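# Commentary on secondary and tertiary structure
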Amino acid sequence: MLKIRLSRGGAKKRPYYSIVVADSRAPRDGRFIEKVGAYNPLLKKDDPNRVVLKIERIEEWVKKGAQPTDRVARFLSQQGLVKWEHGNNPQKAEPGRKAKERAEERAQREADRAAAEAEAAAQPAPEPEPEAPAAEEPAAEAPAAEEPAAAEEAPAEPAAEDAKEG
């Protein structure tokens, strides 16, 4: 099958395309039958040199059965050679099978967790038991609190005695 398509040329980050007639099995930038135009996307949209077409040759190839690709069909429709319509694929944004399965699993986990939380909230909370070790802890802390006070007082007494002697 013959295609009228773009063949990329130009340097890195500086694209330039030739519009060619090629076998659909040939590589994009490889062998082609005839060059029938050029497309320079770096030029402004209203520049006449942005898209250059050999209209007579394209008409002949279309009569022979060459099919333009989507992008080339846009260019040709502006010249009135081919009727081009914007594609419509409503399933394009729909997630795939695996993504749908993951979403269903996630929804099931959320529902299970919500049911578990509701069940836990419905049951009365157990009353806390009085803790016996809690009574022992203040007794252990009391002597520790007295020791720093005794340490502060001890140096104060010898200083007072030195003042009396001197």
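Anything mentioned here points back to the structure above.
This structure is a prediction, so every number in the text was calculated from the model and none was measured.

### Thoughts on a positive patch on the surface
Taken together, the side chains of Lys98, Arg102, Arg106 and Arg109 make up a positively charged region of the molecular surface. Secondary-structure assignment places arginine 109 in helix 3 (residues 97-122). Taking the relative accessible area as the measure of exposure, arginine 109 reaches 52% and is therefore exposed.

### Side note on the nonpolar core
Of all hydrophobic cores here, the largest spans 15 residues; its most connected members are Ile4, Leu6, Ile19 and Val36. Elements represented by at least two residues in this core include exactly strand 1 (2-11), strand 2 (14-23), strand 3 (34-39), helix 1 (55-63) and helix 2 (70-79). Leave out the neighbours within four places in its chain, and isoleucine 4 touches Ile19, Val20, Val21, Val36, Ile58, Trp61, Val62, Ala66, Gln67, Pro68, Thr69 and Val72.

### Details of the pattern of salt bridges
Under the criterion given, the structure shown has seven salt bridges. A salt bridge links arginine 113 to glutamate 110; its shortest N-O distance comes to 2.7 Å. Pair noted here: arginine 113 and glutamate 110 are both in helix 3, with a separation of three residues, about one helical turn. The class for arginine 113 is partly exposed, based on a relative accessible area of 46%.

### Some words on the pairing of strand 3
Of all six residues in strand 3, five are buried; the element is thus mostly enclosed. Where strand 2 and strand 3 come together, five bridges link them in antiparallel fashion. Bridged to isoleucine 19 within strand 3 is glycine 37. In this sheet, strand 4 (residues 51-53) lies alongside strand 3 in antiparallel orientation, the contact comprising three bridges. Residue pairing across strands places glycine 37 opposite leucine 53, the latter belonging to strand 4.

### Some points on the sheet that holds strand 1
The strand order across the open sheet built from five strands is 4-3-2-1-5, with neighbouring strands paired in mixed fashion. Each having just a single partner strand, strand 4 and strand 5 (67-68) make up the two edges of the open sheet. Both strand 1 and strand 5 contribute to a ladder of two bridges, which runs parallel. Of the residues in strand 5, the one forming a bridge with lysine 3 is glutamine 67.

### What to know about the packing of aromatic side chains
Following the criterion strictly, the structure yields two aromatic pairs and no others. A ring pair is formed by tyrosine 17 and tyrosine 39, whose centres lie 5.9 Å apart and whose planes are at 25°; its orientation type is stacked. On the criterion of sequence distance, the pair formed by tyrosine 17 in strand 2 and tyrosine 39 in strand 3 is long-range, its members being 22 residues apart. The interplanar angle of 45° and the centroid separation of 4.7 Å between the aromatic rings of tyrosine 39 and phenylalanine 75 together place this pair among those described as tilted. Note that tyrosine 39 is positioned in strand 3 and phenylalanine 75 in helix 2, a separation of 36 residues in sequence. Of the two residues, tyrosine 39 and phenylalanine 75, neither departs from the other in class, the shared state being buried.

### Considerations on the environment of arginine 5
Secondary-structure assignment places arginine 5 in strand 1. The exposure class of arginine 5 is buried, given its relative accessible area of 12%. Setting aside anything within four residues of it in sequence, one finds arginine 5 in contact with Ser18, Ile19, Val20, Ala22, Asp23, Ser24, Ala26, Pro27, Arg28, Thr69 and Val72.

### Quick look at helix 2
Taken residue by residue, helix 2 has Val72, Ala73, Phe75 and Leu76 as its buried positions. All buried residues of helix 2 fall inside an arc of 160° around its axis, so they share one side. Of the surrounding secondary structure, the elements contacted by the buried residues of helix 2 are strand 1, strand 2, strand 3, strand 4, helix 1 and strand 5. Looking one or two places after helix 2, you find glycine 80, whose phi comes out positive at around 85°.

The rules behind the values
Residues numbered from 1 in each chain as written. Predicted model: local features only at pLDDT ≥ 70, side-chain atom pairs only at ≥ 80, totals over all residues. Heavy atoms only, no water. Patch = residues over 30% accessible without salt bridge, like charges linked within 9 Å, V, L, I, M, F, W, Y side chains within 5 Å. Areas by Shrake-Rupley, 256 points an atom, 1.4 Å probe, with all protein chains shown as cover. Salt bridge = Lys/Arg side-chain N within 4 Å of Asp/Glu carboxyl O. Lys, Arg positive; Asp, Glu negative; His and termini not counted. Charge placed at Lys NZ, Arg CZ, Asp CG, Glu CD. Helix = DSSP H or I, 4+ residues; strand = E, 2+ residues; numbered from the N terminus. Buried < 20%, exposed > 50% of the residue type's maximum accessible area, 1.4 Å probe, protein only. Core = buried A, V, L, I, M, F, W, Y, C linked by side-chain atoms within 4.5 Å. Contact = heavy atoms within 4.5 Å. Pairing = 2+ DSSP bridges. Phe/Tyr/Trp six-rings, centres within 6.5 Å; stacked < 30°, edge-to-face > 60°. Arc of directions from axis to C-beta.

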